[in-house]
Amino acid sequence: MRHDTLFALGVLSIFSFGGFSQERAGRESTPTVSGSKTIAAHYMTSMVATFHPKGKPSRQNDYLARPLAEQVEISRDFRAAARWDIEQACIAGVNTFAVWMYPRMGEINSNDTAFQNMLFGEMQKEKTVQFYPDFWWFKMDPENWGKIMTAWGAEPRPTIEAEMRRYGQVLKTWSERFGDVWRKHDGKWIIAMQDHALFKNVPYAKAAQWLFAPLGGREKVYLKLCRYPSLPRFPNGGEIAPDWLAAADAVFDWSANSSYGDALEMRKQGEALCAASQKEWCPSFAPSFMQSRGGDGTAPTSPKIYERLGIVSFQDEWMEAIRSGAKSVAIITWNDMSEDTSLMPEENHGYAYLRLNRYFARWFQSGKRPDIEREEILLFHHPQVVEGLELPGSRKPTESGPGCSTPPTDFVAVVTFLKKSAEVSVIFHKQVIAKKECPPGYLAWFLYNPRKQLPPESGLADTDPVYPSASDDLAVTILDKPFTDAEVFLEVKRGSEPPILFRSQRPIVSAAGRADLTTIGNVFRIER
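The residue count restarts for each chain, going from 1 along the sequence in the order it is written. Whole-chain, interface and lining totals are the exception, using all residues; otherwise, since this is a predicted model, local features are given only for residues with pLDDT of at least 70 and side-chain atom pairs are given and counted only at 80 or more. With hydrogens and water stripped out, all remaining heavy atoms of the structure feed into the side-chain values.

**Q** Give a description of the environment of Lys452 that names residues and reports values.
**A** Strands are runs of DSSP state E lasting at least 2 residues, helices are runs of H or I lasting at least 4, and numbering of each runs from the N terminus. Examined against the element boundaries, Lys452 turns out to sit in the loop between strand 21 (441–449) and strand 22 (474–478). We call a residue buried when its accessible area falls under 20% of the maximum for its residue type, exposed when it is over 50%, and partly exposed in between, using a 1.4 Å probe and counting protein chains only. Exposure remark for Lys452: the relative accessible area of 73% places this residue in the exposed category. C-alpha of Lys452 to C-alpha of Asp464: the two residues are 12 residues apart in sequence and 7.5 Å apart in space.

Written as structure tokens, this is what we have:
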């Protein structure tokens, strides 16, 4: 019988859940992921606590990335927001927040400081998630490196020396008040730094004296430095200055600003750097990237997208971390919704990335492939057709980051967590576009319509786009027909049992008033 007939007769059981409503029911029974390895996520103050200050929408969050209903409910209660972040981190398998250090942090009258103190206080109560400081707070004044500016171009701050000495006192206070939840490595305070203007303009010896002396000196610190990968086609890449690299204990990448194809090369580069300099390599990864800030959050602007293909880069980077025996990983952000890098649940991807991260976190901590906790299927896709994006005026419909070897691409990604095999079909509206027999356990299935060439702005017009090949961890289906407007469904069939149909929370549309290439995520539980 044809699917359109089944739809008309109502024979198929239809479930149309977003990730949030499903996860809520099972949250209380979800155990913490245990293990001694560090799974850290960059924590940009609290997106939950700052969604709607004083009842007004916050400019801090892009209007495409909307909070979940429960997040809005607790947004004015700092303590509840802190508990919510900790609770969700536990579900995701994240045991450390790399807390963003930026101008005003630690000042007495700062609301952000008040929230951080509450966050650390809740950590002390829950004893499940820890933190370490992650410095990325200024740009240099090109006329005078002795002055600093905030990352967002505000008025000049005091001299670097004065500011770093002040931060040293903040760190000392934190070590005294919250030392039991400050993440340590072999008894040393972990501190991350990722500001390449600092590395370039301030000698390491001076910075260490100003910043680390209040903690007892450099020998009391485990220093993790970030490199912004520098490839020939990435003119804005930033390597770590030699004196800083020599002093580092570990190195990680800010890998969000890379497409799928470039992430592979950047990882090899980072591993080689650490092997040559005898530093710990800390694998890093992000689920996706679409920077879509536009003025006051209402102006239609072109997004900057680094195409990470839904789950493909995320899975590949996690698997490399597991296979390499790494001791720690760095997830690019817990909660930067405005760049689509957040692991934290929000309206677009719901709880999908959180569930996926939990599976890999369990594997990373235990060293063995996890058993399936409950049967679920995850579904990911863009909400718009890449070729059909339209904007007013002469603005480009999409803008790949410079040098991206994987262009914006139409795809559907499916992840199955099954206790017994099932046939899964991907349906656009009423037409089956592909089906697969999915075995028990974990399977990632990536379906895509490849772009034939890279966009001009990539600077790689003569290079073939890079896409993944099938492997033991990934099934790949190449679709020869372009995507069009469609509701996206998954059908699950097992033997003689009635099929179950799930519908994505968002359709794929051919055009809209604004380019939207964020990643839509869904979590579907298989329950009868």
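**Q** Explain the packing of aromatic side chains residue by residue, including any values.
**A** Given two aromatic rings, one states the distance between the centres and the angle between the planes to describe the pair. Only Phe, Tyr and Trp rings take part, Trp by its six-membered ring, and two of them pair if their centres are within 6.5 Å. Stacked means planes under 30 degrees apart, edge-to-face means over 60, and tilted covers everything else. Considering all chains together, one arrives at 28 aromatic pairs under this definition. Measuring from centroid to centroid gives 4.7 Å for Trp182 and Trp189, while their planes differ by 45°, and the two rings are tilted. Trp189 matches Trp182 in its accessibility class, with the two residues each being buried. An angle of 20° between the planes, with centres 5.1 Å apart, marks the rings of Phe446 and Tyr448 as stacked. A residue is classified by how much of its surface remains accessible, and Phe446, at 0% relative accessible area, is buried. Each residue in the set Phe285, Phe314, Trp318, Tyr353, Tyr359, Phe360, Trp363, Phe364, Phe380, Phe417 and Tyr442 is aromatic and connected to the rest through ring pairs, giving one cluster. The ring of Phe364 is capped by Lys37, whose NZ or CZ atom sits 4.6 Å from the centre of that ring. We note Arg166 situated over the ring of Tyr167; from NZ or CZ to the ring centre the distance is 4.7 Å. Charges are assigned to positions over rings by a cutoff of 6 Å between ring centre and Lys NZ or Arg CZ, combined with an angular limit of 35 degrees from the ring normal.

**Q** Give me the pairing of strand 9 (residues 221–227): which residues, what numbers.
**A** Most of strand 9 sits out of view: seven of its seven residues are buried. Neither face of strand 9 is open: one carries Val221, Leu223, Leu225 and Arg227, the other Tyr222, Lys224 and Cys226, and all of them are buried. Two strands pair if DSSP finds at least two bridges between them. Sheet topology places strand 8 (residues 188–193) next to strand 9; five bridges connect them, and they run parallel. Within strand 9, the residue paired with Ile191 across the bridge is Leu223. Note that strand 9 and strand 10 (residues 250–253) share four bridges and pair parallel.

**Q** Explain the pattern of salt bridges residue by residue, including any values.
**A** Throughout this description, the term salt bridge denotes a Lys or Arg side-chain nitrogen within 4 Å of a carboxyl oxygen of Asp or Glu. A full pass over the atoms with the stated rule returns 17 salt bridges. Among the ionic pairs, Arg165 bridges to Glu161, the shortest N-O distance being 3.1 Å. Here the residue Arg165 and the residue Glu161 both occupy positions in helix 6 (residues 160–178), the gap between them amounting to four residues, near one helical turn. Residue classification places Arg165 among the partly exposed residues on the basis of a relative accessible area of 38%. The exposure class of Glu161 is partly exposed, given its relative accessible area of 34%. The partner of Glu375 in a salt bridge is Arg494, and the shortest N-O contact between them spans 2.5 Å. Note that Glu375 is positioned in the loop between helix 12 (352–366) and strand 16 (376–381) and Arg494 in the loop between strand 23 (488–493) and strand 24 (500–503), a separation of 119 residues in sequence. Taken individually, Glu375 and Arg494 each receive the classification buried, so the pair is uniform in this respect.

**Q** Residues and numbers for unusual backbone geometry, please.
**A** Positive phi values are uncommon outside glycine, yet Leu309 reaches one of about 60°. Its place among the elements puts Leu309 in the loop between strand 14 (304–305) and helix 11 (312–324). Note on Leu309: relative accessible area 0%, which makes it buried. Of note in the backbone geometry, Asp340 takes a positive phi value of approximately 65° without being a glycine. Along the polypeptide, Asp340 turns up in the loop between strand 15 (328–331) and helix 12.

**Q** Quick rundown of the packing of helix 10 (residues 260–277) against helix 11? Include the residues and the values.
**A** Axis lines are fitted to C-alpha atoms, over the contacting stretch for helices. Their N-to-C directions set the angle, which ranges from 0 to 180 degrees. Between helix 10 and helix 11, whose axes approach to 10 Å, the crossing angle comes to 20°. It follows that helix 10 is roughly parallel to helix 11 by the angle criterion. At the point where helix 10 passes helix 11, the crossing takes the right-handed sense. Mapping the contact onto sequence places Tyr260, Ala263, Leu264 and Arg267 in helix 10 and Val312, Ser313, Asp316, Glu317 and Glu320 in helix 11. Residue polarity is assigned by list, with Asp, Glu, Lys and Arg as charged and Ala, Val, Leu, Ile, Met, Phe, Trp, Tyr, Cys and Pro as nonpolar; anything else, Gly included, falls into the polar class. Along the lines of polarity and charge, the residues of the contact of helix 10 with helix 11 split into four nonpolar, one polar and four charged. Orientation categories follow fixed angle ranges, with anything under 35 degrees roughly parallel, anything over 145 roughly antiparallel, 65 to 115 roughly perpendicular, and all other angles oblique. Two helices cross in a left-handed way if the nearer one is turned anticlockwise from the farther one by less than a right angle. They cross in a right-handed way if the turn is clockwise. Residues are treated as being in contact if the distance between any of their heavy atoms lies within 4.5 Å.

**Q** Run through the pairing of strand 18 (residues 410–418), naming residues and quoting values.
**A** By the criterion of burial, strand 18 is predominantly enclosed, with nine of the nine residues buried. Side chains Asp410, Val412, Val414, Thr416 and Leu418 project from strand 18 onto one buried face, and the interleaved Phe411, Ala413, Val415 and Phe417 project onto a second face that is buried too. One ladder, built from six bridges, connects strand 16 with strand 18; its direction is antiparallel. Within strand 18, the position partnered with Glu376 by the bridge is Phe417. Of the pairings in the sheet, the one linking strand 18 to strand 21 comprises nine bridges and is antiparallel in character. By the bridge assignment, Val414 is partnered in strand 21 with Trp445.

**Q** Can you break down the side chain of Asn449 residue by residue, with the values?
**A** With respect to the helices and strands, Asn449 occurs in strand 21. Identification of polar contacts relies on pairs of N or O atoms within 3.5 Å, with a donor-acceptor requirement for protein atoms, meaning one able to donate a hydrogen and the other able to accept it, and with residues adjacent in sequence counted only if both atoms are side-chain atoms. A distance of 2.8 Å separates a polar atom in the side chain of Asn449 from the backbone oxygen of Leu479.

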